[in-house]
Amino acid sequence: MEAKIREVFESVGSFFTGGDHIPWCERDIINGCEREVAEAAEGDSEELKRDSIMRLSWALVHSKQPEDVQRGIAMLEAVGYYRSGDYARSRHLVDQCLEMAPDWRQALALRKTLEDRIAKDGVIGIGITATAVGLIAGGIAAAFARKK
């Protein structure tokens, strides 16, 4: 399996150094990348999860199967928008991925990550708002106290 993955990545290198073909990725490599993502999802390393999702997405966009290519494009875009902080657009693309393949574990994992991040940002936003309201109310109360 590792030899095949190395072969694919070497073909990418030849593409960027002047080779005249875009590399293809065989189904067994895609299956191996899907297993790798599933194993990484069970672990604690966020970096390993991200790296394995990127390898899978790369393999998908180099597949000979059009539906794999579409899944890979959507997942790469979703990850890109997630990393740039555009969670709404990322969520939309993940939902599109799940329309194409409802049981796609990687898209489900990214959707959960997005939901957790959106919830965390919402809690932070509520905290900031509550602090601002408290400061304003305190300022008003102090102003009334000075007038008396």
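We now turn to the structure provided with this report.

The rules we used
Residues numbered from 1 in each chain as written. Predicted model: local features only at pLDDT ≥ 70, side-chain atom pairs only at ≥ 80, totals over all residues. Heavy atoms only, no water. Helix = DSSP H or I, 4+ residues; strand = E, 2+ residues; numbered from the N terminus. Buried < 20%, exposed > 50% of the residue type's maximum accessible area, 1.4 Å probe, protein only. Contact = heavy atoms within 4.5 Å. Areas by Shrake-Rupley, 256 points an atom, 1.4 Å probe, with all protein chains shown as cover. Expected span 1.5 Å × (residues − 1). Arc of directions from axis to C-beta. Core = buried A, V, L, I, M, F, W, Y, C linked by side-chain atoms within 4.5 Å. Patch = residues over 30% accessible without salt bridge, like charges linked within 9 Å, V, L, I, M, F, W, Y side chains within 5 Å. Salt bridge = Lys/Arg side-chain N within 4 Å of Asp/Glu carboxyl O.

A closer look at the overall build of the protein
Each helix and strand counted, the protein has six helices and zero strands in total. Ordered by position in the sequence, the α and β elements of the protein form the string α-α-α-α-α-α. Split into buried and exposed, the 148 residues of the protein put 29% on the buried side. Considering only residue pairs separated by 6 or more positions, the protein has 50% of its internal contacts joining residues 24 or more positions apart. In the form shown here, the protein has an accessible surface area of approximately 9,600 Å², with 58% of it arising from carbon and sulfur atoms.

A look at helix H5 (residues 87-100)
Under the 1.5 Å per step criterion, the end-to-end length of H5 is 20 Å for 14 residues, consistent within 8% with the ideal 20 Å. Residues of H5 that are buried: Tyr 87, Ser 90, Leu 93, Val 94, Cys 97 and Leu 98. The buried side chains of H5 occupy one side of the element, clustering within an arc of 145° when seen end-on. Along H5, the residues that are exposed and aim more than 90 degrees away from the buried face are Ala 88 and Glu 99.

Some words on the nonpolar core
Taken as a class, soluble globular proteins show a tendency for nonpolar side chains to be buried jointly. Formed by 25 residues in total, the largest nonpolar core has its most connected members in Leu 56, Met 75, Val 94, Trp 104, Ala 107 and Leu 110. Looking at this core, the elements that each hand over two or more residues are helix H2 (27-42), helix H3 (46-61), helix H4 (66-83), H5 and helix H6 (105-147). Residues contacting Trp 104, with those up to four places away along its chain left out, are Glu 34, Leu 56, Leu 60, Arg 71, Met 75, Cys 97 and Leu 98.

What to know about a nonpolar patch on the surface
There is a patch of nonpolar side chains on the surface, built from Ile 136, Ile 140 and Phe 144 and spanning about 330 Å² of accessible area. By relative accessible area, Phe 144 is classed as exposed at 53%.

From the geometry alone we can't say anything about function, so treat these as descriptive.
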